[in-house]
Amino acid sequence: MAVASSPEVRSARLVSVDALRGFDMFWIAGGVQVVHAFLELFRQPLPAGLQYHFEHVDWVGFAAWDLIMPLFLFITGVSMPFSFSKRREAGDAKWPIYRHVLRRVAILWILGMMCQGNLFHFDLSKLQLYSNTLQSIAAGYLVGSIALLEFRLRGRIILTAALLLAYWGIVMLVPFGGSPAGTLEPHNNLPLFIDRAVLGPFMGAKTTYTWVFSSLTFAATTLLGVLGGELLRSKLEPWRKVGYLFAAGAGLVALGLAGGMVFPIIKHIWTSSMCVYAAGWSFLLLALFYMVIDVLGFKKWAFFFVVIGMNAIAVYMAVELFDFRHIGDIFVGHVAERTALFGELLRSVAAMTVVWLILYWMYVKKTFIKV
């Protein structure tokens, strides 16, 4: 892990990519509680259709809250063509880049175990080797790195399609553990069977989320982001880029919905249809942010998100390991207790403010935590 402090850190970056990353992290950092509490000022409880999007879907289906993790992987992919081209242009050979990639994968893996893998228990009976978003990013980043270093654009497109089709075909056609092929139950499916076989005691006992075999589609999500990043890096006229991004997003959403009719959209096991559907929404968000911020030039409103996005790993780790509501309560706790409906909103805003001010201080000091 490194700390970048040079002003050049920001010079070659698209503001829209940092803003979109910050928008994604905003929800994890406490934004979801702020927005939920604000909406409850007008109606409590929220209508079922609206509340649905503030929670993860139990099994089949997709809510707005389910987009957070796929968008994180997708944005990782978007950033990769920029960072890799910068290294190649600086004269880095292939193997030093691979060493950097492996180092980053290892750090992300350890950070993932710190967040959700029970690493701090120092107890092998509780350790979970593969159980966190950062580790899924590591898997996707590794495959995306190989694709960028070894394949041309056509090869990367073929690899992405092959991963999606392979996952679909294997899950739907291969029987396992006495269950027929295509079994897709929360506690009985091929990806979960593989997790149990590979991870054994080092996996969550009651989890319905899968990791080992789902790495194929984690990689596909990242690669779809890589393709988006390559489009942004291309020499096409900006408005044509916007058009292609919107078209890709709409097409992938439609393709994901169509695929979901035969291979259901299930985030828990990261099905191919879910991967494509989530990537479609990610492309649409990227198109919107790129159009508004980098093409039309409306950048000031995005500063709030840029501050978060420039230290995405730092904020992810911080909110996983610390409860900032306790810190916020130091300032507003007694007031919140006396303000009825506004109390929860006040507490949520205070916690979010604490997180943002720390990140703003890092931004002003040009301190950016890089893995």
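Before reading on, note that the structure itself is shown above.
Student: What exactly am I supposed to notice about the nonpolar core here?
Tutor: Nonpolar side chains in soluble globular proteins generally cluster together in the buried interior. Counting 103 residues, the largest nonpolar core has L20, F84, L134, L245, L286, I308 and I313 as the members making the most contacts within it. In terms of residue count, the dominant contributor to this core is helix 10 (residues 272-295) (15 residues). If we skip the residues at most four places from it in the chain, F84 touches I97, V101, Y141, S145, L148 and L149. Counting residues in hydrophobic clusters, the runner-up holds eleven residues, among them Y167, L184, F263 and I269.

Student: Looking at this structure, I do not really get the pattern of salt bridges. What am I missing?
Tutor: A side chain of one charge can pair with a side chain of the opposite charge when the charged atoms of the two come close. Evaluation of the coordinates by the stated rule reveals eight salt bridges. Between D18 and R21 there is a salt bridge; the shortest N-O distance is 2.7 Å. Of this pair, D18 and R21 both sit in helix 1 (residues 15-40), three residues apart, which is roughly one turn of that helix. Judged by relative accessible area, which is 4%, D18 ranks as buried. The partner of K94 in a salt bridge is E150, and the shortest N-O contact between them spans 3.3 Å. Of this pair, K94 sits in helix 4 (residues 94-115) while E150 is found in helix 5 (residues 133-150), placing the two residues 56 residues apart along the sequence. By relative accessible area, K94 is classed as partly exposed at 27%. Exposure remark for E150: the relative accessible area of 39% places this residue in the partly exposed category.

Definitions and limits used
- Residues numbered from 1 in each chain as written.
- Predicted model: local features only at pLDDT ≥ 70, side-chain atom pairs only at ≥ 80, totals over all residues.
- Heavy atoms only, no water.
- Core = buried A, V, L, I, M, F, W, Y, C linked by side-chain atoms within 4.5 Å.
- Buried < 20%, exposed > 50% of the residue type's maximum accessible area, 1.4 Å probe, protein only.
- Helix = DSSP H or I, 4+ residues; strand = E, 2+ residues; numbered from the N terminus.
- Contact = heavy atoms within 4.5 Å.
- Salt bridge = Lys/Arg side-chain N within 4 Å of Asp/Glu carboxyl O.

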